[in-house]
Amino acid sequence: MKNCIAKIRKERGLTLQALADSVGASNQQISHLEKERRGLTVGWLERIAVALDCHPFDLLEPDPALMKINGASPTDVEQQLIVQFRLFSEAQQKALLHFLRAMTTENS
């Protein structure tokens, strides 16, 4: 399964070595995980997610085939929205959802 570890690590401003130090691994081990040369276990997902301050699922690239809505796969923009949405706190997510519902109601 494809992962987003390198992308999230870079977004957080961390070097390969800094992430490796945070999870108690070598930078080579993290590099292998990022490049999918080694299997990404649940244990690794949990350790890396803690170090990157995200949910373990955020480290995995979504499978568009599994995300079909009304029979259609999400567009690139929709996938980007999901990624950004997950970066918000729960309170921010609820507020944004409330705002979007209000906008939809006004435009109906």
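Going by the structure above, here's the rest.
Residues numbered from 1 in each chain as written. Predicted model: local features only at pLDDT ≥ 70, side-chain atom pairs only at ≥ 80, totals over all residues. Heavy atoms only, no water.

Draft legend 1. Up close: the overall build of the protein. In terms of helices and strands, the protein carries 6 helices and 0 strands. In terms of overall dimensions, the protein is more spread out than a globule: its C-alpha atoms have a radius of gyration of 17 Å, far above the 13 Å expected for 108 residues. By principal-axis analysis of the C-alpha atoms, the protein measures approximately 55 × 30 × 20 Å. Every one of the 108 residues in the protein was classed for burial, and the buried ones make up 22%. Long-range pairs, those at least 24 residues apart, make up 48% of the contacts in the protein with a sequence separation of at least 6. Each charge sign in the protein was given a centre, from 13 positive and 13 negative side chains, and these centres are 5 Å apart. (Helix = DSSP H or I, 4+ residues; strand = E, 2+ residues; numbered from the N terminus. Rg over C-alpha atoms; globule rule 2.2 N^0.38 Å. Buried < 20%, exposed > 50% of the residue type's maximum accessible area, 1.4 Å probe, protein only. Contact = heavy atoms within 4.5 Å. Lys, Arg positive; Asp, Glu negative; His and termini not counted. Charge placed at Lys NZ, Arg CZ, Asp CG, Glu CD.)

Draft legend 2. Looking closely at the state of the cysteines. Evaluated as defined, the whole model comprises 0 disulfides. The structure places no disulfide on C4, whose sulfur is separated from the nearest cysteine sulfur, that of C54, by 9.4 Å. You can call C54 buried: its relative accessible area is 18%. (Disulfide = S-S within 2.5 Å.)

Draft legend 3. Representation of helix α2 (residues 16–23) in the model. For α2, the complete set of buried residues consists of L19, A20 and V23. Here the buried residues of α2 occupy an arc of 100 degrees about the axis, which is enough to place them on one side. Elements that come into contact with the buried residues of α2 comprise α1 (5–11), α3 (27–34) and α4 (42–52). In the segment just after α2, G24 is the residue with positive phi, at about 70 degrees. (Arc of directions from axis to C-beta.)

Draft legend 4. A look at the nonpolar core. Counting residues in hydrophobic clusters, the biggest one holds 17 residues, and the most contacted among them are L19, V23, I30, W44, I48, L52 and L59. Of all elements in the fold, only α1, α2, α3 and α4 reach the threshold of two or more residues within this core. With 5 residues, α4 is the single largest residue contributor to this core. Beyond its immediate stretch of four places on either side in the chain, V23 contacts I30, W44, R47, I48 and A51. (Core = buried A, V, L, I, M, F, W, Y, C linked by side-chain atoms within 4.5 Å.)

Draft legend 5. Representation of a nonpolar patch on the surface in the model. Where nonpolar side chains cluster on the molecular surface, the patch consists of F99, L100 and M103 and spans about 270 Å² of accessible area. Residue placement: L100 occurs in helix α6 (residues 90–106). (Patch = residues over 30% accessible without salt bridge, like charges linked within 9 Å, V, L, I, M, F, W, Y side chains within 5 Å. Areas by Shrake-Rupley, 256 points an atom, 1.4 Å probe, with all protein chains shown as cover. Salt bridge = Lys/Arg side-chain N within 4 Å of Asp/Glu carboxyl O.)

Draft legend 6. Molecular detail of the packing of α2 against α3. Look at α2 against α3: their axes get within 8 Å of each other, and the N-to-C directions meet at 105 degrees. With respect to α3, the axis of α2 lies roughly perpendicular. Contact residues: α2 offers L16, Q17, L19, A20 and V23, while α3 offers N27, I30, S31 and E34. Looking at the contact of α2 with α3, its residues break down into 5 nonpolar, 3 polar and 1 charged. (Axes fitted to C-alpha atoms, helices over the stretch in contact; angles between N-to-C directions. Parallel < 35°, antiparallel > 145°, perpendicular 65-115°, else oblique. Nonpolar A, V, L, I, M, F, W, Y, C, P; charged D, E, K, R; others polar.)

Draft legend 7. Expanded view of unusual backbone geometry. Phi is positive for E36, close to 60 degrees, though the residue is something other than glycine. Among the secondary structure elements, E36 is positioned in the loop between α3 and α4. With relative accessibility at 38%, the residue E36 sits in the partly exposed group. One non-glycine residue, D53, lies in positive phi territory at about 55 degrees. Checked against the element boundaries, D53 lands in the loop between α4 and α5 (76–87). Taking relative accessible area as the criterion, D53 reaches 67% and is therefore assigned exposed.

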